Amino acid sequence: MKKISVIIFILIVILPVVIYAAGEAQTEQMLRTVVPPPMLVEEKPEAKGQIYLDSYYEPSFVVQGSRPGRWREITNRVGYKYKNILGYITMSQWNRYDVNNYTAHFGTYLTFPNSYAHAEVGWGWDVTYMYKFQSIIEYGQRIKNGLYWQVGYNFRNYAINDTYMVYPGLIYYFGDNYISADYGMTLTESRGVAQFGTVKGNFALGKRFSLLLGMAAGRRLYDIFVLPAREQFGYIIFSGLNFNVCPWAIARIGYSYGTEKPDFIKRSISTSLSLKF
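The model shown is predicted, which means the values in this text are computed figures rather than measured ones. (Residues numbered from 1 in each chain as written. Predicted model: local features only at pLDDT ≥ 70, side-chain atom pairs only at ≥ 80, totals over all residues. Heavy atoms only, no water.)

Counting secondary structure elements, the protein contains 2 helices and 14 strands. The buried share among the 277 residues of the protein stands at 43%. Carbon and sulfur atoms make up 66% of the accessible area of the protein, which totals about 14300 Å². (Helix = DSSP H or I, 4+ residues; strand = E, 2+ residues; numbered from the N terminus. Buried < 20%, exposed > 50% of the residue type's maximum accessible area, 1.4 Å probe, protein only. Areas by Shrake-Rupley, 256 points an atom, 1.4 Å probe, with all protein chains shown as cover.)

Next up on the list: the pattern of salt bridges. For the structure on display, the rule yields 7 salt bridges. For Glu-28, the salt bridge is made with Lys-266, and the minimal N-O distance between the two is 3.2 Å. Of this pair, Glu-28 sits in helix 2 (residues 27-33) while Lys-266 sits in strand 14 (residues 264-276), and the two are 238 residues apart along the sequence. The buried category is assigned to Lys-266, whose relative accessible area is 3%. Several salt bridges share partner residues, and in doing so they unite Glu-28, Arg-32, Glu-58 and Lys-266 into one network. (Salt bridge = Lys/Arg side-chain N within 4 Å of Asp/Glu carboxyl O.)

By size, the foremost hydrophobic cluster in this structure holds 17 residues, and its most contacted members are Met-30, Leu-31, Trp-71, Leu-221, Tyr-222, Ile-236 and Phe-264. For Leu-221, the contacting residues outside a window of four places in its chain are Thr-27, Glu-28, Leu-31, Phe-196, Ala-216, Gly-234, Tyr-235, Ile-236 and Glu-260. Listed in part, the 9 residues of the second largest apolar core include Tyr-88, Tyr-109, Tyr-116 and Ile-171. (Core = buried A, V, L, I, M, F, W, Y, C linked by side-chain atoms within 4.5 Å. Contact = heavy atoms within 4.5 Å.)

What follows is about the environment of Asp-126. You can see Asp-126 is positioned in the loop between strand 5 (115-125) and strand 6 (133-144). Taking the relative accessible area as the measure of exposure, Asp-126 reaches 55% and is therefore exposed.

Turning next to the packing of aromatic side chains. A ring pair, where both rings are aromatic, is described by two values, the distance of the centres and the angle of the planes. Within this structure, the stated rule accounts for 15 aromatic pairs. Between Phe-106 and Trp-123 the ring centres are 5.9 Å apart and the planes differ by 75°, which places this aromatic pair in the edge-to-face class. Within this pair, whereas Phe-106 is found in strand 4 (residues 99-111), its partner Trp-123 is found in strand 5, the two being separated by 17 residues in sequence. Residue class for Trp-123 comes out partly exposed when judged on its relative accessible area of 34%. (Phe/Tyr/Trp six-rings, centres within 6.5 Å; stacked < 30°, edge-to-face > 60°.)

This part covers unusual backbone geometry. The amide bond that connects Lys-261 to the next residue, Pro-262, takes the cis arrangement and shows omega of 10°. As for its placement among the helices and strands, Pro-262 is situated in the loop between strand 13 (249-260) and strand 14. The backbone of Lys-83 shows a phi angle near 55°, a positive value even though the residue is not glycine. The residue Lys-83 is located in the loop between strand 2 (67-82) and strand 3 (85-96) in this model. Of note, the phi angle at Ser-190 is positive, near 70°, even though the residue is not glycine. Along the chain, the position of Ser-190 falls in the loop between strand 9 (177-188) and strand 10 (192-205).

Turning our eyes to something else, we now look at a nonpolar patch on the surface. A surface patch of nonpolar side chains, about 470 Å² in accessible area, is lined by Tyr-139, Ile-143, Trp-149, Val-151, Val-166 and Leu-170. If you list the elements that add at least two residues to the nonpolar patch, you get strand 6, strand 7 (147-157) and strand 8 (163-174). Along the chain, Leu-170 turns up in strand 8. (Patch = residues over 30% accessible without salt bridge, like charges linked within 9 Å, V, L, I, M, F, W, Y side chains within 5 Å.)

Encoded structure:
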C-alpha cells in the first residue's frame, strides 16, 4: 500500500511539471474560483502529509440571446500535501443545455518562504464546447512583507480557435486575509486580443467564517457569441461564505452574477465541501 501511495504521489506531483504549459476552466469560471495559495510559509521538516478531498457543485441559470436554460458544473478533487508540495487531481462534468462535457486536471503547487509556483495540465473528452487540452503555469514572488507580485500563462486547445492568456497581478496578505488584483489579455486565434481586470479578496470573520468578494470586468469573459472583442464587454460580481465546521472540514456557499454584451446573462449558486485527513 505504501509503494502504491508513493507511485500515485509521484504521478500527481512530477507529471504536471514535466508536461506543463498553462490552464483552468473557461475564463469566467477561472476568474471566479481560482485563489492564490495561503500566506507563503516554510513547512517544518517533520510536517506530516495530508490528504485533501473537495467536492464542488454549481447550478446556473442562463439567458443566451432569446434562449433561457441551465448550466451545471460538478467537480471533485483529491490532493496530497507534503511539506511545501501540494499535488492534486480533479475530475469535472460540465452540462450546458443538457449537453455533457468532461475534463480532468493534474496540478502541483510548490510554496516557499518568499515565492510559489503552480503548474497544471488538463484534458477534455466528449467535448463540444470545452477545451480538448489546457495547461497553466503561474509564479508569485514576495516584494515586501505581505505584498507579492504574480504572473500566469494559460493555454487552451479547442476544436476551433485556440486561446492564449497572460495575467500579471498583485496579492497582499494581511493576517488571515488577502486582496488580489490582476490584469489579463487573451489572444484568440484568428479573432484578436481581449483584455480584462479582476479584483477579489478573502476576509476572516472570526475563527469560523471568512468572506470572499470579487468583481471582474472586460471583454470575452464568456465568449458566447462569435463577435469582435469590442462588442463583447461584460462583468461578473461574485461572493462566497466559508464556514470552518471543524479543524478538518470547511463548507462553502457562493453566488455570482455575470453578463456579456450583446445578450448573455448567467446567475449561479455554488456549494462545496472540503475535507482533510
